[in-house]
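Read off the chains here:
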Amino acid sequence: MAESDSVIPATSGAVRPMLLLEALYDGPAAASERLELDFSYRTKSRLRAKLASGEEVGLFLPRGTILRGGQKLAGGDGRIVEVVAAPEDLVEARCANPSALARAAYHLGNRHVAVEVGADAAGDWLRIQADHVLEGMLVGLGATVTALRAPFEPEAGAYAHGHQHPGDGSGARIHMMGGR
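Computed from a predicted model, the values in this text were never measured in an experiment.

Chemist: Quick question: what am I supposed to make of unusual backbone geometry here?
Modeler: Most of the time, phi is negative for any residue but glycine, and the peptide bond is trans. Positive phi, close to 55°, is recorded for His-112, a residue that is not glycine. Locating His-112 in the fold gives a position in the loop between α2 (98-110) and β10 (116-120). Taking relative accessible area as the criterion, His-112 reaches 22% and is therefore assigned partly exposed.

This is how it looks when you write it as structure tokens:
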């Protein structure tokens, strides 16, 4: 980052350093700021973003850190920032029975797709980031699919500490996610 990129203008005309977020915070203090990011940005350990207030921040976390909605970050100036899972375009799949849902989950997992598993009053569901090819596959497997916009919190994966397939092009990194 160039020196000129590390500062942002303050409203008073003075220049102040960019807020750096370099550590997770699990203490009791309430967050005074919010950082809303979709899942693809919550998988990045180096990022320039804006708080809900509009202030620009730099995210510098250990490589492989996956942020979850509700987690808190410690700012270099002592502020606590809450991570908010931003709504994004998703596809929700529901099936007629548990076996069909398990089959759909198997085929998504076989493609290393990040999947959120959940249930509501209408039954069990799987959610994935919107993808017309995967949507077609799910329909072909007998699932009823619905497009929706919602926060995405996929499963952590069985190998949460380091198993991945570099260069597979999926971008999903399902096995490196922290626990939910």
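Chemist: Explanation requested: the sheet that holds strand β3 (residues 19-25) in the structure shown.
Modeler: Whenever strands of a sheet pair, they do so through backbone hydrogen bonds, lying parallel or antiparallel. Read across the open sheet, the six strands follow the order β4-β8-β7-β3-β6-β5; overall the sheet is mixed. Edge positions in the sheet fall to β4 (33-37) and β5 (46-50), since each of these pairs with one other strand and no more. Each strand of the sheet is rotated relative to its neighbour by a mean of 35°, with strand direction disregarded. As defined by bridge partners, β5 adjoins strand β6 (residues 56-60) across five bridges and the pair is classed as antiparallel. Residue pairing across strands places Lys-50 opposite Glu-56, the latter belonging to β6.

Chemist: How do you make sense of the nonpolar core when you look at a structure like this?
Modeler: A general feature of soluble globular proteins is that nonpolar side chains tend to end up buried together. With 15 residues, the main nonpolar core has Leu-108, Ile-128 and Leu-138 as its most contacted residues. Among the secondary structure elements, those contributing two or more residues to this core are β9 (87-94), α2, β11 (123-129) and α3 (132-140). The element best represented in this core is α2, accounting for four residues.

Chemist: How do you make sense of the pairing of β9 when you look at a structure like this?
Modeler: It is a general feature of regular strands that their side chains alternate between the two faces of the sheet. Burial analysis of β9 places six of its eight residues in the buried class, which makes it a mostly covered element. Here β9 pairs with strand β12 (residues 144-151) via eight bridges, running antiparallel. Directly across from Pro-87, in β12, lies its bridge partner Pro-151. In this sheet, β11 lies alongside β9 in antiparallel orientation, the contact comprising four bridges. Residue pairing in the sheet places Val-91 in a bridge with Ile-128 of β11.

Chemist: I would appreciate a short explanation of the sheet that holds β12 in the present structure.
Modeler: A sheet is described by the order of its strands in space; here four strands give the open sequence β10-β11-β9-β12, paired in antiparallel fashion. The open sheet has two edge strands with one neighbour each: β10 and β12. When strand polarity is set aside, the average angle formed by the axes of neighbouring strands in this sheet is 35°. Where α2 meets the sheet, its contacts fall on β9 and β11, and the angle it forms with β11 comes to roughly 20°.

The rules we used
Residues numbered from 1 in each chain as written. Predicted model: local features only at pLDDT ≥ 70, side-chain atom pairs only at ≥ 80, totals over all residues. Heavy atoms only, no water. Helix = DSSP H or I, 4+ residues; strand = E, 2+ residues; numbered from the N terminus. Buried < 20%, exposed > 50% of the residue type's maximum accessible area, 1.4 Å probe, protein only. Pairing = 2+ DSSP bridges. Axes fitted to C-alpha atoms, helices over the stretch in contact; angles between N-to-C directions. Core = buried A, V, L, I, M, F, W, Y, C linked by side-chain atoms within 4.5 Å. Contact = heavy atoms within 4.5 Å.

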